[in-house]
Amino acid sequence: MSVEALLGTDPGWIILVKGLLIFVICVVATLLSIWGERRLVARMQQRLGPNRVGKFGLLQSLADGVKLALKEDLIPKTADRIVFVIAPIISVTACFMSFAVIPLSGQVNLFGHKTLLQLTDLPVGVLYVLAIASVGVYGIVLAGWSSGSTYPLLGGLRSSAQVISYEVAMGLSLVAVFIYSGSMSTSAIIAAQHDWWFCITLFPSFVIYAISMVGETNRAPFDLAEAEGELVGGFHTEYSSLKFALFFLAEYVNIVGVSSLATTLFLGGYHALPGLTFTENWLGGWFTVVWFLAKVVMFFIIFVWLRGTLPRMRYDQFMKFGWKVLIPFSLVWIMIVSTLRVMSQRHTPRAAVFGVTLGIILLLLAANSLMESNKKRRAKSDEIGEVSTPSFPVPELPTKRTEQING
Amino acid sequence: MVENPLTPHSKDLGLVAAEAANAPIAEQVPASFFKQLLGFWVTFITIFKKVNTVEYPEVKEPTAERFHGRHQLNRYEDGLEKCIGCELCAWACPADAILVEGANNTEEERFSPGERYGKVYQINYLRCVFCGLCIEACPTRALTMTNEYELADDSRGKLIFEKEDLLAPLRQGMLQPPHPMAPGTDHLDYYRGTITGSDSAKSAEHVHGATDA
């Protein structure tokens, strides 16, 4: 049965059940992923991590959540009270909403009703996710602004600048997927990956998406908004109790969100690994959920690994990387992909395709060598020392060591 | 290991180091991209290494041999207290954590050999900094430190340790003071350590029994 036929005949109560299911999955995933992250990152630092509350410390984040909720809820005097309250709600709602179009499973039997574990299927599904993610930025901006204090404002500005600039790279990396699948609907994109996953055929897009999703979620090494040494806590400095918990929840749901989008767009969604397709029929189709979750967990582990390994980037380096490397690179890649796509649609002879590919490679090499020689020339001119000596006295340039040797 | 050129050697009068110090600073070149990726391998392989954590309340590792823990007021082998109530510990204490009040021993009520004993002995563990100056000050080795470090409680009062909290437990052959010194000995014998537990305890028992009767 087609996706339209499956989802279109859903009665209202099934939709409600699915909505509830998405909510529960997101919240439980958050609790488990906080625990998993802390345990894994602890192992990477030769520690144990939380292991006291419940079996293996599994209930640690639940206990933390309860503790947070029971804390005093402060609203600063200078804060804009209404916006201050609304901001975390916007943030968290946006995260949950993006899950509406993510297919979590293939055809399953939900309380005697044949359906897909997907709330709805929009023809512009992925665009909808991007739009919702942008709405989520409002939560950050408003939180920073409404706190009525300097550090949250700076943190909020940083976060929003970061999220917006990496959203551009993210959007561009998705264009290649749209070109190749011919659709923006998540289910159609999954169907288009029947033979080859897009993470193989569109590898550069996948890499760009993977990088920008880390930037988009404000996670290490791109967690500039939470640079404690510079900004205290970032945009949520003034938040406490449940409102802070909502931001926390939003952050982790966001991670799960971008990971599931990556799974859907590049890793074949809920489909099994090639060669294991027979597992998709296990448990009446419910086993596809396991495949989906396994892929999401894999992304999450990469998130944790990045956090455990890389130091935080400097703000200017980060912005430079986003605007001067990721975006131009994706633009060039889109050009190449669209050219090749049009050629294959018009059944251009193989020789021409090869010729164009070779031409592109040569062009890239030429550009690269030009840049290298330019760099060398600049380095040479630096070496000669064309720094003019000013007429006024200046301190000696620090070319020599001036450390004291004996005491 | 590369020798640090800035470390002065005794023979060359620091000339080599001076020369090295005057060399121009080498330009810092970032490691190659793939070399930088080695960091991921480091964190990955650490996952499988043995964890360093000591799960404290369940697992207790012994302290260093000379760890400065809770104090103890020692006894002679026959159970008489070593403390003579001289207050030197209290005077040595930089944190003013110790309070001592001495009193006279009498022939009927003897707690320590010699003239005086510590009647009141308190250490305030909210003040104590575990520096051990009191131990250095003690002329009779009455005050020493144990390795016990679990000194947490929920009130200020509970953290002021009284004499009975600090006194060493009675071991085999020791008698609970007050009791007289071993017969035919004086405080100098105690001081020299010629009193042995079992004999003197027996004789003390004997004496005790005699006085009781």
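Everything discussed here concerns the structure shown above.
None of these values were measured; they are calculated from a predicted model.

### Considering the overall build of chain B
Helix and strand content of chain B: eight helices and five strands. For chain B, the proportion of its 213 residues judged to be buried stands at 34%. Accessible area for chain B stands at about 14,200 Å²; split by element, carbon and sulfur atoms hold 56% of it.

### Observations concerning the overall build of chain A
Per the secondary structure count, chain A includes 14 helices and two strands. Projected onto the principal axes, the alpha-carbon positions of chain A cover approximately 90 × 70 × 45 Å. Here chain A holds 407 residues, and the buried ones make up 43% of them. As displayed, chain A has an accessible area near 21,700 Å², and 69% of this comes from carbon and sulfur atoms. Considering chain A, the positive charge centre built from 31 side chains and the negative charge centre built from 25 side chains are found 5 Å apart.

### Here we look at the pattern of salt bridges
Residues and elements named next belong to chain A. Following the criterion strictly, the structure yields 15 salt bridges over all chains and no others. With a shortest N-O distance of 3.0 Å, Asp 73 and Lys 243 are connected by a salt bridge. Of this pair, Asp 73 sits in the loop between α3 (60–70) and α4 (81–97) while Lys 243 sits in helix α11 (residues 241–266), and the two are 170 residues apart along the sequence. Look at Lys 243 and you get buried, because its relative accessible area is 9%. Between Asp 316 and Arg 314 there is a salt bridge, and its shortest N-O distance comes to 2.8 Å. Relative accessible area serves as the criterion here: at 43%, Asp 316 is assigned to the partly exposed category.

### Comments concerning the packing of α11 of chain A against helix α12 (residues 287–309) of chain A
Residues and elements named next belong to chain A. Taken N-terminus to C-terminus, the directions of α11 and α12 make an angle of 120°; their axes are 9 Å apart at the nearest point. Taken together, the axes of α11 and α12 lie oblique to each other. In this structure, α11 meets α12 at a crossing whose hand is right-handed. Here Tyr 252, Ile 255, Val 256, Val 258, Ser 259, Ser 260, Ala 262, Thr 263 and Thr 264 of α11 lie close against α12, whose contacting residues are Phe 292, Lys 295, Val 296, Phe 299, Phe 300 and Phe 303. A class-by-class count of the residues in the contact of α11 with α12 yields 10 nonpolar, four polar and one charged.

### Some remarks on the pairing of strand β1 (residues 107–110) of chain A
Residues Val 108 and Leu 110 of chain A line the buried face of β1 of chain A, whereas the alternating positions Gln 107 and Asn 109 of chain A sit on a face that is not buried. Turn length for the β1 of chain A-strand β2 (residues 113–116) of chain A hairpin, with the two strands adjacent in sequence and antiparallel, is two residues, and the turn residue Phe 111 of chain A shows positive phi of about 50°.

### Description of the packing of aromatic side chains
Per the counting criterion, the structure on display carries 23 aromatic pairs over all chains. With a centroid separation of 5.7 Å and an interplanar angle of 85°, the aromatic rings of Trp 305 of chain A and Phe 40 of chain B are classed as edge-to-face. Here Trp 305 of chain A, found in helix α12, pairs with Phe 40 of chain B, found in helix α3 (residues 38–46), and the two come from separate chains. Note on Trp 305 of chain A: relative accessible area 26%, which makes it partly exposed. Residues Tyr 56 of chain B and Tyr 149 of chain B carry aromatic rings whose centres are separated by 6.4 Å and whose planes lie at 45° to one another, so their mutual orientation is tilted. Taken together, the residues Tyr 56 of chain B in the loop between α3 and β1 (71–73) and Tyr 149 of chain B in the loop between β4 (143–145) and β5 (160–161) connect sequence positions 93 residues apart. For Tyr 56 of chain B, a relative accessible area of 38% gives the class partly exposed. A network of ring pairs unites the aromatic residues Trp 305 of chain A together with Phe 40, Trp 41, Phe 44 and Phe 48 of chain B as a single cluster. Its guanidinium or amino end placed over the ring of Phe 56 of chain A, Lys 55 of chain A lies 5.6 Å from that ring's centre, counting from NZ or CZ.

Rules used throughout
- Residues numbered from 1 in each chain as written.
- Chains lettered and ligands numbered in written order.
- Predicted model: local features only at pLDDT ≥ 70, side-chain atom pairs only at ≥ 80, totals over all residues.
- Heavy atoms only, no water.
- Helix = DSSP H or I, 4+ residues; strand = E, 2+ residues; numbered from the N terminus.
- Buried < 20%, exposed > 50% of the residue type's maximum accessible area, 1.4 Å probe, protein only.
- Areas by Shrake-Rupley, 256 points an atom, 1.4 Å probe, with all protein chains shown as cover.
- Lys, Arg positive; Asp, Glu negative; His and termini not counted.
- Charge placed at Lys NZ, Arg CZ, Asp CG, Glu CD.
- Salt bridge = Lys/Arg side-chain N within 4 Å of Asp/Glu carboxyl O.
- Axes fitted to C-alpha atoms, helices over the stretch in contact; angles between N-to-C directions.
- Parallel < 35°, antiparallel > 145°, perpendicular 65-115°, else oblique.
- Left-handed = near helix turned anticlockwise from the far one by under 90°.
- Contact = heavy atoms within 4.5 Å.
- Nonpolar A, V, L, I, M, F, W, Y, C, P; charged D, E, K, R; others polar.
- Pairing = 2+ DSSP bridges.
- Phe/Tyr/Trp six-rings, centres within 6.5 Å; stacked < 30°, edge-to-face > 60°.
- Lys NZ or Arg CZ within 6 Å of the ring centre and 35° of its normal.

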